[in-house]
Amino acid sequence: MTLKVGVLGYRFMGKAHANALARLPMFFPDAPDVERHVLVGRDEEALEDAADRLGFQNTSTDWENVIDDVDVFYNLGPNFVHADPSIAVLEAGVPVLCEKPLAASLDDAERMADAAASAGVPTATAFNYRFIPAIQYAKRLIEDGELGEIHQFRGRYLQDWLVDPDAPWSWRNDEELAGSGALGDLGAHTIDLAQFLVGGVERVSGHLQTFVDERPVEGEDETKPVTVDDAYSAQAELEGGVMGSFEASRFATGHKNDHSIEIHGSEGSLKFSLERLNELEVLRDDDRGYETILVTDEDDPYIDHWWPPGHVIGWEHTFVHENYEFLSAVENREEYHPNFADGLAVQQVLDAIDRSDESGEWVSVE
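Residues numbered from 1 in each chain as written. Predicted model: local features only at pLDDT ≥ 70, side-chain atom pairs only at ≥ 80, totals over all residues. Heavy atoms only, no water.

Draft legend 1. Summary view of the packing of helix H1 (residues 12-27) against helix H8 (residues 315-332). Where H1 meets H8, the axes come as close as 8 Å, and the angle between the chain directions of the two elements is 65°. Taken together, the axes of H1 and H8 lie roughly perpendicular to each other. As H1 runs across H8, the sense of the crossing is right-handed. Two secondary-structure elements touch here, H1 through Phe12, Met13, Ala16, His17, Asn19, Ala20, Leu21, Arg23 and Leu24 and H8 through Trp315, Glu316, Phe319, Val320, Glu322, Asn323, Tyr324 and Leu327. (Axes fitted to C-alpha atoms, helices over the stretch in contact; angles between N-to-C directions. Helix = DSSP H or I, 4+ residues; strand = E, 2+ residues; numbered from the N terminus. Parallel < 35°, antiparallel > 145°, perpendicular 65-115°, else oblique. Left-handed = near helix turned anticlockwise from the far one by under 90°. Contact = heavy atoms within 4.5 Å.)

In structure tokens form, the structure reads like this:
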């Protein structure tokens, strides 16, 4: 059986997932057969050009018209269009992969998770960093007790693409369209890794900050207000009394895509940086310092599908791994993680951090 895939969105994430779909048969021969069937967007001319470049056979300017024509639906649009298309597709019994954060609001995320539970088909929230070999290796170390009892999780995600106050306004600067700024855009990744590697977040104390209140509209002589955060930080308590700290900024001068985590346990620690994604720094009980492990051996997660040991992989490979796992679950009618319930769990933490900032108090995660 060939799975016909429909994709809403053809820009940044559209390219990333289309590239992954194209690579699957080349490097994962046991993956399901996939047809890039239809690409969905609003601008017909740009859509046709994108379909040619990304290898899609058909285009549509209305997502409702493609529901009956696809076996899998990818919702890669802006946050404010995550809910309605995903819910409608699920009600038709079609599996859905949705980009993160799951929605622009907790209410929408709850509706999406409810629809997924009722549909009974695989869903995915696109937390692709779970599928980095070094992160999978770290998960194995923690589960095997190599770090002992986990005491602390520390995570940060730093970028600098909004440092210039004249950088143009986009939907990512609007609360109604995006839900939040650095918190949802970047913090969602960090919080998902915390919950994946260590355990659920139970309460938070958060702080959000906006540094530039309005930005110019590209090509027009006007500005629009910025209604989301440019940076956030949060203290957290995770399951089992683990202490957590999260932060993210789109104003961190000199940082392009710096997603880093540290986990400290009673018998060891580990450190990871997305900018060195093939490496994991590990300290065990008797070590005098951290050992840098190059996670590219043949028996490391996913590596046997790629190159000989030491030949590193990159950011785009995480999408290939993610698509392989999700589409295999679809074909085999198996449960997949991170699903919409996992996406909702992250959204609940995002919402709690936002409420904590408003109240100035610790807030329990619903």
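From this point, things continue past the structure.
Draft legend 2. How the structure looks around the sheet that holds strand S2 (residues 33-40). One open sheet accounts for six strands, arranged S3-S2-S1-S4-S5-S6; its pairing is parallel. Of all strands in the sheet, those bounded by a partner on one side alone are strand S3 (58-60) and strand S6 (123-125). With strand direction ignored, the average angle separating the axes of adjacent strands in the sheet is 20°. Strands S2 and S3 of the sheet are contacted by helix H2 (residues 44-54), whose axis makes an angle of about 165° with S2. (Pairing = 2+ DSSP bridges.)

Draft legend 3. Broad picture of the pattern of salt bridges. One pass over the full model with this rule turns up 17 salt bridges. Put simply, Asp185 and Arg172 hold a salt bridge, and the shortest N to O gap is 3.3 Å. In this pair, Asp185 is assigned in helix H7 (residues 182-197) and Arg172 in the loop between strand S7 (150-158) and helix H6 (175-178), connecting sequence segments 13 residues apart. When its relative accessible area of 14% is taken as the criterion, Asp185 is described as buried. (Salt bridge = Lys/Arg side-chain N within 4 Å of Asp/Glu carboxyl O. Buried < 20%, exposed > 50% of the residue type's maximum accessible area, 1.4 Å probe, protein only.)

Draft legend 4. Representation of the environment of Ala18. Tracing the chain through its elements places Ala18 in helix H1. Counting along the chain gives 21 residues from Ala18 to Leu39, while the straight-line C-alpha distance between them is 10.0 Å. Discounting chain neighbours no more than four positions away, the residues touching Ala18 are Arg36, Leu54 and Phe56.

Draft legend 5. Representation of the side chain of His321 in the model. With respect to the helices and strands, His321 occurs in helix H8. A polar contact is formed between the side chain of His321 and the backbone oxygen of Phe131, at a distance of 2.9 Å. Contacts of His321, omitting those with residues within four sequence positions, involve Phe28, Phe131, Pro133, Tyr302, Trp306 and Ile313. (Polar contact = N/O pair within 3.5 Å; in protein donor to acceptor, adjacent residues only side chain to side chain.)

Draft legend 6. Up close: the environment of Trp171. By the secondary structure assignment, Trp171 is in the loop between S7 and H6. By relative accessible area, Trp171 is classed as partly exposed at 23%. Once the C-alpha coordinates of Trp171 and Gly55 are considered, the two residues, 116 residues apart in sequence, prove to be 27 Å apart. Not counting residues up to four positions away in its chain, the partners in contact with Trp171 are Pro78, Asn79, Leu177 and Ala178.

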